[in-house]
Structure formats: structure tokens, C-alpha cells
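One-letter residues, chain by chain:
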Amino acid sequence: MTLEETAVEKLLAKGYTVTTAESCTGGLIAATLINVSGVSEIYREGYITYANESKEKLLGVRGETLRNYGAVSEQTAYEMAAGAAKNAGADAALVSTGIAGPSGGTKEKPVGLVYLGCCLKGRITVRREIFHGDRESIRRQAVTAALKLLIATLSEEPDSQVQEGSI
């Protein structure tokens, strides 16, 4: 079974809905999930928020967060995940923000740096990843890692939904 089939199967089994909010992956996470038959039962909507203004307008990422930490940051991924889940009315949100290259990187934030976020029932997990390769390869690696994050989050879900870091 593919990662996307596993993710959709787990979501369906739990009766959870999902949304996506993507920057560097530009819709590839959504497209990959939508490859799975039956996903229409649980997929709410997707946001491609490439511009900072879109992150603010569509997901509620605070301008202060973007100014202080940048679009490619743990803080922005966290707020993207919270906003996507809330605005879509979804149980789960899977998000990406990063630098796919080949330009745009710095010493502090190199090409290949991607933050992935997963919000599940208000509990948010953010992971920092560094991928290597060309633009397309980095984007595809980010999708794979995002799906693995969603599967892991669904698999590790605690019985109690009262968690530190909840929104």
C-alpha cells in the first residue's frame, strides 16, 4: 500500500476529515492524497498559500510571526496548521512551508529546508527537514515526509485529546 493509501485508510477508519495548506509543495500533498479512491469522503479543501499575504488572509498566520520568523519557520508552520484545520473545519491539517530552490536559500535557511506541520484534533506537531536535490526532488521528498508525519500522528494519537500545545 502506498503512503497516501495508508493515510487515507487511517483517516477513513477514524472518521476524520483532512485539509492541506501548502507553500513550497504547491498543491502536491493535496494532489497525492486525491490520487486515492474514496478520499472524497474525508478531504475538505486545500490551500496553496505561496505568498505571505495568502498565509495571513486564508490561514490566519499573524503578520508578526512572518516578520519575526519568516515564512519558512516552525512558528509559521504551526500557525498554518492551526488555521487550516480551523478554517476548513477539518479534524486534521497537513502543511508545508520551505525553500525548494534552486535560489532563495541563505546560510541560516538553506535550499531544501522545509517545515512540515500536522494538526490533529487541535494537537500540532511541526518537523524541520532538510532535503537535497533539485526543486522537483525537494518538493516530492517533502510530500513523502508530510504523508509519513500524518500517518505517524494518526498512529500515535492518544486516547485523551487534552494535550499540551493544543489550539
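Now for a look at the structure at hand. Each chain carries its own residue numbering, running from 1 in the direction its sequence is written. Thresholds applied to this predicted model are a pLDDT of at least 70 for local features of residues and 80 or more for the giving and counting of side-chain atom pairs; totals over whole chains, interfaces and linings are not thresholded and use all residues. Heavy atoms throughout the structure, all of them, feed into the side-chain values; hydrogens and water do not.

**Digging into the packing of helix 3 (residues 52-59) against helix 5 (residues 74-88)**
Every axis in this analysis is a line fitted to C-alpha atoms, fitted for helices over the stretch in contact. Angles between the N-to-C directions lie between 0 and 180 degrees. Secondary structure elements are taken from DSSP: a helix is a run of H or I of four residues or more, a strand is a run of E of two residues or more, and numbering for both begins at the N terminus. Helix 5 packs onto helix 3 with a crossing angle of 40° between their chain directions and a minimal axis gap of 9 Å. In terms of their interaxial angle, helix 3 and helix 5 are classed as oblique. Touching Lys 55, Leu 58 and Leu 59 of helix 3 are Thr 76, Glu 79, Met 80, Gly 83, Ala 84 and Asn 87, all from helix 5. The scheme is simple: roughly parallel for angles under 35 degrees, roughly antiparallel for over 145, roughly perpendicular for 65 to 115, oblique for anything else. Contacts: residue pairs with any heavy atoms within 4.5 Å of one another.

**Here's the deal with the nonpolar core**
Throughout this description, the term nonpolar core refers to a set of buried Ala, Val, Leu, Ile, Met, Phe, Trp, Tyr and Cys residues connected via side-chain atoms within 4.5 Å. Between buried and exposed lies partly exposed: a residue is buried under 20% and exposed over 50% of the maximum accessible area for its type, with that area taken using a 1.4 Å probe on protein chains only. Grouped together as the largest cluster of nonpolar side chains are 32 residues, with contacts concentrated most on Leu 11, Leu 33, Leu 94, Val 114 and Leu 150. Put simply, the parts of the chain that give this core at least two residues each are helix 1 (3-14), helix 2 (28-34), strand 3 (92-98), strand 4 (113-120) and helix 6 (135-155). If near-sequence neighbours (up to four positions away) are discounted, Leu 150 is found in contact with Ala 7, Leu 11, Ala 92, Leu 94 and Cys 118. If you look at the next biggest cluster of nonpolar residues, it comprises 17 residues, including Val 61, Ala 93, Val 95 and Ile 124.

**Examining the side chain of Thr 17**
Position of Thr 17 relative to the elements: it lies in the loop between helix 1 and strand 1 (18-22). In this view, Thr 17 contacts Ile 42, Arg 44, Gly 89, Ala 90, Asp 91 and Ala 92; residues no more than four positions away in its chain are not counted.

**Some words on the pairing of strand 1**
Along strand 1, 5 of the 5 residues are buried, which leaves the element largely enclosed by surrounding structure. Strands are treated as partners if at least two bridges between them are detected by DSSP. Two strands pair when backbone bridges link them, and strand 1 and strand 2 (residues 43-48) are joined in this way by 4 bridges, in the parallel orientation. Of the residues in strand 2, the one forming a bridge with Thr 20 is Gly 46. A clockwise path from the first strand over the helix to the second, with the strands pointing away from the viewer, defines a right-handed crossover. At this point the chain moves from strand 1, through helix 2, to the parallel strand 2, and the crossover so formed is right-handed. Of the strand pairs in this sheet, strand 1 and strand 3 are connected by 5 bridges, and their pairing is parallel. Residue Thr 20 lies in a different strand from strand 3, and its bridge partner there is Leu 94.

**Some remarks on the pattern of salt bridges**
Only one rule defines a salt bridge in this text: a Lys or Arg side-chain nitrogen within 4 Å of an Asp or Glu carboxyl oxygen. Inspection of every chain in the model, using the stated rule, returns 4 salt bridges. A salt bridge links Glu 136 to Arg 140; the shortest N-O distance between them is 3.2 Å. Residue Glu 136 and its partner Arg 140 are located together in helix 6, separated by 4 residues, close to a single helical turn. For Arg 140, a relative accessible area of 46% translates into the label partly exposed.

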